[in-house]
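Structural overview
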Amino acid sequence: MASRNTVREFTENTYYHVYNRGVEKRVIFLDEQDYTVFLGLLKKYLVGENYNKANRHKPVTIGSEVQLLAYCLMPNHFHLLLYQVSEQGVQKLMRRVTTGYVMYFNSRYSRVGGLFQGRYKASRIDADAYLHHISRYIHLNPEHYQAWPYSSLEYYRRTQAPPEWLHTDRILDLFSSQREYL
C-alpha cells in the first residue's frame, strides 16, 4: 500500500513538503562532509554552480522549474520545502539529488544498495496556514534548532543573506515582519 504522502502527480505553481529518511532509520549524514555534499547537490541542480570547464559540460539546472524555500537536514532524515514552477520540477530535482547522494555515500563508505527508505515522500501544501506550519515544523525539527547548522533558519533570521538557490522571501512575504515569522 502506498504511503499517503507519496505524491505521484505533481502540479505546477504549487508548494510541497518533501522528505525522506534512511532505510531502517539509519543515519544518512555521518559527518559535516556528508551534509555539505547533500547541500552542494541541491545547489548544483538549482543553479548549476559546478560547471566543468575541462570538458565544457554544464550540468542540467532545474532552478527555473522548482525553488527551494526551506530545508533541514537531520542525521537520519531530511525535510525540504519546495515551490514547483513546472509540472516535473520536484521529480527532476529529487531524482538527481538523491541519486547523486546515494552514489557519493555508497562510494565513500564502501557500501552498496539503497540508502533511503523508498521513494521520497511529498505532501502538497494547499493552504497558507499549512504553509506556515510546515515552514515552522522544518525549522523547529532539531532539538537545539537555533544552533543547528544544517537548516535554512539562519537565513530566515537574516544573520546572513540567503544564497541564490534558497528563496526565503516567498515565505517571509507572508508575514508582516521577520520578527513575526520568528
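For the structure given in this document, a descriptive report is provided here.

What counts and how
- Residues numbered from 1 in each chain as written.
- Predicted model: local features only at pLDDT ≥ 70, side-chain atom pairs only at ≥ 80, totals over all residues.
- Heavy atoms only, no water.
- Helix = DSSP H or I, 4+ residues; strand = E, 2+ residues; numbered from the N terminus.
- Pairing = 2+ DSSP bridges.
- Axes fitted to C-alpha atoms, helices over the stretch in contact; angles between N-to-C directions.
- Phe/Tyr/Trp six-rings, centres within 6.5 Å; stacked < 30°, edge-to-face > 60°.
- Buried < 20%, exposed > 50% of the residue type's maximum accessible area, 1.4 Å probe, protein only.
- Left-handed = near helix turned anticlockwise from the far one by under 90°.
- Contact = heavy atoms within 4.5 Å.
- Nonpolar A, V, L, I, M, F, W, Y, C, P; charged D, E, K, R; others polar.

This part covers the environment of A122. If you trace the backbone, A122 turns up in strand β4 (residues 121-125). The sequence separation of A122 and Y15 amounts to 107 residues, and the corresponding C-alpha distance is 9.8 Å.

Moving on, we get to the sheet that holds β4. Read across the sheet, 4 strands follow the order β2-β3-β1-β4 without closing on themselves; strand pairing throughout is antiparallel. Bordering the open sheet on either side are β2 (66-74) and β4, each of which pairs with just one other strand. Sheet twist, expressed as the mean angle between neighbouring strand axes with direction ignored, is 15 degrees. Where β2 meets strand β3 (residues 77-84), 8 bridges bridge the pair, whose relative direction is antiparallel. The residue of β3 that forms the bridge with L73 is F78.

Here the focus is the packing of aromatic side chains. Any aromatic ring pair is given by two values, namely how distant the centres are and how the planes are angled relative to each other. Counting across every chain of the model gives 18 aromatic pairs. Arranged with centres 5.7 Å apart and planes meeting at 80 degrees, the rings of W148 and Y150 form a pair that is edge-to-face. Feature note: the residues F29, Y35, F38, F78, Y101, Y104, F105, Y109, F116, W148 and Y150 constitute an aromatic cluster, connected by ring pairs.

What follows is about the pairing of β4. Within β4, 4 of the 5 residues are buried, which leaves the element mostly enclosed by the surrounding structure. Of the pairings in the sheet, the one linking strand β1 (residues 14-21) to β4 comprises 5 bridges and is antiparallel in character. Across the sheet, the residue bridging to Y15 is I125, located in β4.

Turning next to the packing of helix α1 (residues 32-47) against helix α2 (residues 89-108). Two elements in contact, α1 and α2, have axes whose closest approach is 10 Å; the angle formed by their N-to-C orientations is 150 degrees. For the pair α1 and α2, the crossing hand works out as right-handed. On α2, the residues that touch Q33, D34, V37, F38, L41, L42, Y45 and L46 of α1 are L93, R96, V97, G100, Y101, Y104, F105 and R108. Within the contact of α1 with α2, the residues separate by chemical class into 11 nonpolar, 2 polar and 3 charged.

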